[in-house]
Amino acid sequence: MVDISAAPPAPTGTTTDALVELRGVDKHFGALHVLQNIDLTVRRGEVVVIIGPSGSGKSTLCRTINRLETIDSGTIVLDGVPLPAEGRALARLRADVGMVFQSFNLFAHKTVLDNVVLGQVKAKGVKPAKAKEIALALLDRVGVRNQADKLPAQLSGGQQQRVAIARALAMQPKVMLFDEPTSALDPEMINEVLDVMVGLAKDGMTMIVVTHEMGFARRAANRVVFMDGGQIVEESDPETFFTAPKSERARDFLSKILTH
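Worth saying up front: this structure is predicted, and the values here are computed from it rather than measured.

Caption draft 1: Representation of the packing of helix H5 (residues 157–169) against helix H6 (residues 187–202) within the structure. Between H5 and H6, the shortest axis-to-axis distance is 8 Å and the interhelical angle comes to 20°. Comparing the axis directions of H5 and H6 gives the class roughly parallel. As H5 packs across H6, the resulting crossing turns out to be right-handed. For the pair H5 and H6, contact is made by Gly157, Gly158, Gln159, Gln161, Arg162, Ile165 and Leu169 and by Met189, Glu192, Val193, Val196, Met197 and Leu200, respectively. Here the contact of H5 with H6 is composed, by residue class, of seven nonpolar, four polar and two charged.

Caption draft 2: A look at the layout of surface pockets. In this structure, the largest pocket occupies an estimated 560 Å³ of space. In terms of lining, the largest pocket is formed by 21 residues, of which the most central are Val97, Gly119, Arg167, Ala168 and Met171. The set of elements that each furnish at least two residues to the lining of the largest pocket consists of strand E6 (97–100), helix H3 (112–124) and H5. Ranked by residues supplied to the lining of the largest pocket, first place goes to H3 with seven residues. For the lining of the largest pocket, the residue count by class is twelve nonpolar, six polar and three charged.

Caption draft 3: Here's a closer look at helix H4 (residues 128–141). Here H4 spans 20 Å end to end across 14 residues, near enough to the 20 Å set by a 1.5 Å rise per residue. Buried within H4 are the following residues: Ala131, Ile134, Ala135, Leu136, Leu138 and Leu139. On its buried face, H4 is in contact with H3 and H5. Where H4 ends, the next residue or the one after it, Gly143, has phi of about 85°, a positive value.

Caption draft 4: Focus on the pairing of strand E8 (residues 206–210). Most of E8 sits inside the fold, with five of its five residues counted as buried. Where burial is concerned, the two faces of E8 agree: the one with Thr206, Ile208 and Val210 and the one with Met207 and Val209 are both buried. Judged from the four bridges that link them, strand E3 (residues 47–51) and E8 form a sheet pairing that is parallel. Looking across to E8, one finds that Val47 is bridged to Met207.

Procedures and definitions
Residues numbered from 1 in each chain as written. Predicted model: local features only at pLDDT ≥ 70, side-chain atom pairs only at ≥ 80, totals over all residues. Heavy atoms only, no water. Axes fitted to C-alpha atoms, helices over the stretch in contact; angles between N-to-C directions. Helix = DSSP H or I, 4+ residues; strand = E, 2+ residues; numbered from the N terminus. Parallel < 35°, antiparallel > 145°, perpendicular 65-115°, else oblique. Left-handed = near helix turned anticlockwise from the far one by under 90°. Contact = heavy atoms within 4.5 Å. Nonpolar A, V, L, I, M, F, W, Y, C, P; charged D, E, K, R; others polar. 1 Å grid on protein atoms, 1.4 Å probe; cavity = no way out; pocket = protein on both sides within 12 Å on 5 of 7 lines; lining within 4 Å. Points joined across faces, edges and corners; volume = space filled by probe spheres on them. Expected span 1.5 Å × (residues − 1). Buried < 20%, exposed > 50% of the residue type's maximum accessible area, 1.4 Å probe, protein only. Pairing = 2+ DSSP bridges.

This is the structure in structure tokens:
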């Protein structure tokens, strides 16, 4: 039996249990100040859902955590280690941060199984036979083991996204980042991906999720972070945020999305 969960403990609420820390993070795209003095701590085993209007900086924030986007100032610390700017140290740290994008990013010319095996062998040095065993177990976990020999183009969007999740999990990350993982999917495929993510949350995986899916935020998040204009406007547990948001901006945002 392959242990594919490696579930971290539930968050304890202590600052020493911080897994991801952003302190005073600023980011510009030209004259546009997309992240403004961001402070955010995510504890081990915590699920943090980041929501807000388009252009609020959510995806940029997510992408800075494994330095897909560089920052202008501030610090980002992963499990006590400052995020390196480049080189092998950054590659090693990136292996601890799984990332699932809205556009799947699978290797089109490789089978589903090979997509999940490749990173283990190349980046982690796992023996191919063991990597295949882990990959099949993960594909089973996300419900697409029967698609292992197909190419990504032969799968539905929801199946492709579940393969992308399995591929990220195969690297045994300390934290999983999801950047709008369902926004490119047809409505009937969204729930099959969200169900996998809810399962990961229940297993104790540390997750930072940028999404428009308010149902997922209510169901799986330990904490909701609301962003607007490049700033964190407020953060609280889901029940408090959705029933009694503190800021006028959050109340306005929720009034527009929850009535449709």
